[in-house]
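Descriptive structure summary
So you can see what is in the structure, the chains are spelled out below.
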Amino acid sequence: MIANDDELHQAETAVQKLWRFLEQARQTHARTDYERLAAPYLLQIQDRQQEILAYLSTRPEVLRA
Amino acid sequence: MIEVVPLSKIRERFGTSTPRRQFLYERLRAVVTRLHETGQVRHIYLFGSFPTEAALPNDVDLFVVMAAGFHTTGLPDELLAVFVHDSCRIRYNVDVFWVTESIGAEHIADALAVFSRDRQFRSQPIVEVIL
């Protein structure tokens, strides 16, 4: 769970890296191979994006309470 | 700096202290053996809770880099299962994040950077597994 803005930025950076990784893998792997390799990275992106959205959906004073 | 560790040493360091670790080590060994049966493994990186002090790691996480010309098409079922996420999780309790070298060194380094932090953003070890 993201606890502060610094962790938010770390999470955003991780998502961007995984996103770019998949963009490149999509270009450099055959279709069947890409579809097989992508699943765990997509799950990682989904989990991390949900944590980001959860953090951004609350005001700072609520998180500190 | 990523430490390179033979599989036998992985067992000594991380695969004996609890029944859970013994169970997961055997799954790891099976997956590493399958990966090498392809003849096209370049690097196998172990990360997550298994190469830590955690007594009860949930599973085993691997980041696997295959040779640039590697394809999964035509692999026998027992080898293909390692490269299909759901099958590998169900059969081995191992999460395999794989890619081929064709993606490029920059993106492989990016993935390693992501996997070097746990979900609480703490630094976590990555070790390269060799036979």
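Rules used throughout
Residues numbered from 1 in each chain as written. Chains lettered and ligands numbered in written order. Predicted model: local features only at pLDDT ≥ 70, side-chain atom pairs only at ≥ 80, totals over all residues. Axes fitted to C-alpha atoms, helices over the stretch in contact; angles between N-to-C directions. Helix = DSSP H or I, 4+ residues; strand = E, 2+ residues; numbered from the N terminus. Left-handed = near helix turned anticlockwise from the far one by under 90°. Contact = placed C-beta atoms within 7 Å. Pairing = 2+ DSSP bridges. Parallel < 35°, antiparallel > 145°, perpendicular 65-115°, else oblique. Nonpolar A, V, L, I, M, F, W, Y, C, P; charged D, E, K, R; others polar. Buried ≥ 20, exposed ≤ 12 C-beta atoms within 10 Å, placed from the backbone. pLDDT = per-residue confidence, 0-100. Core = buried A, V, L, I, M, F, W, Y, C linked by C-beta atoms within 7 Å.

1. Let's talk about the packing of helix α1 (residues 5-28) of chain A against helix α5 (residues 105-115) of chain B
Their axes nearest at 9 Å, the elements α1 of chain A and α5 of chain B cross at an angle of 145 degrees. Of the two possible hands of crossing, α1 of chain A and α5 of chain B adopt the one that is left-handed. Every residue of α5 of chain B that contacts α1 of chain A at A14, K17, L18, R20, F21 and Q24 of chain A is listed here: H107, D110, A111, A113 and V114 of chain B.

2. Side note on the sheet that holds strand β4 (residues 94-100) of chain B
Residue and element names in this part refer to chain B. The strand order across the open sheet formed by five strands is β1-β5-β2-β3-β4, and the pairing between neighbours is mixed. Both edges of this open sheet fall to β1 (3-6) and β4, since each of them pairs with a single strand only. For this sheet, the mean inter-axis angle between neighbouring strands, taken without regard to orientation, is 30 degrees. Examined bridge by bridge, strand β2 (residues 41-47) and strand β5 (residues 127-130) share two bridges and lie antiparallel to one another. Bridged to Y45 within β5 is E128. Along the sheet, helix α2 (residues 19-37) contacts β2, β3 (60-66), β4 and β5; its crossing angle with β3, the most-contacted strand, is approximately 10 degrees.

3. Focus on the packing of α1 of chain A against helix α2 (residues 31-56) of chain A
Two packed helices can be described by the angle between their axes and the distance between those axes. Residue and element names in this part refer to chain A. Direction vectors running N to C along α1 and α2 enclose 155 degrees, while the axes themselves pass 10 Å from each other. Overall, the two elements α1 and α2 adopt an arrangement that is roughly antiparallel. Between α1 and α2 the crossing geometry is left-handed. Along the contact surface, α1 presents L8, A11, E12, A14, V15, L18, W19, F21, L22, A25 and R26, while α2 presents Y34, L37, A38, Y41, Q44, I45, R48, Q49, E51, I52 and Y55. Residues belonging to the contact of α1 with α2 are distributed by class as follows: 16 nonpolar, two polar and four charged.

4. Some words on the interface of chain B and chain A
Of the residues lining the interface, 20 residues belong to chain B; the matching set on chain A comes to 19 residues. Where the side of chain B that touches chain A is concerned, the elements lending two or more residues are β4 and α5 of chain B. Among the residues making up the side of chain B that touches chain A, the classes are represented as ten nonpolar, eight polar and two charged.

5. Looking at the pairing of β3 of chain B
Residues and elements named next belong to chain B. Most of β3 sits inside the fold, with seven of its seven residues counted as buried. A two-sided burial pattern is seen for β3, the buried positions comprising V60, L62, V64 and M66 on one face and D61, F63 and V65 on the other. Bridge count for β2 against β3 is six bridges, and the pairing is antiparallel. Bridge pairing in β3 links L46 to L62. Pairing of β3 with β4 involves seven bridges; the strand directions are parallel. Note on β4: the bridge partner recorded for F63 is F97.

6. Digging into the confidence of the model for chain B
In the predicted model, chain B carries a mean pLDDT of 97, and the fraction of residues at 70 or more is 100%. Across the whole predicted complex the pTM is 0.95, and at the interface the ipTM reaches 0.95.

7. Let's talk about the nonpolar core
Among the nonpolar cores identified, the biggest contains 44 residues, and V31, L62, V64 and V96 of chain B are the most heavily contacted of them. If we ignore the near neighbours within four places in the chain, the residues touching V96 of chain B are V31, L62, V64, V82, F83, H85 and C88 of chain B.

8. Regarding the environment of D59 of chain B
Residues and elements named next belong to chain B. Along the polypeptide, D59 turns up in the loop between β2 and β3. Of the residues examined, D59 has 15 C-beta atoms within 10 Å and is grouped as partly exposed. A sequence separation of 14 residues divides D59 from Y45, and the C-alpha atoms of the two residues are 14 Å apart. If near-sequence neighbours (up to four positions away) are discounted, D59 is found in contact with N93, V94 and D95.

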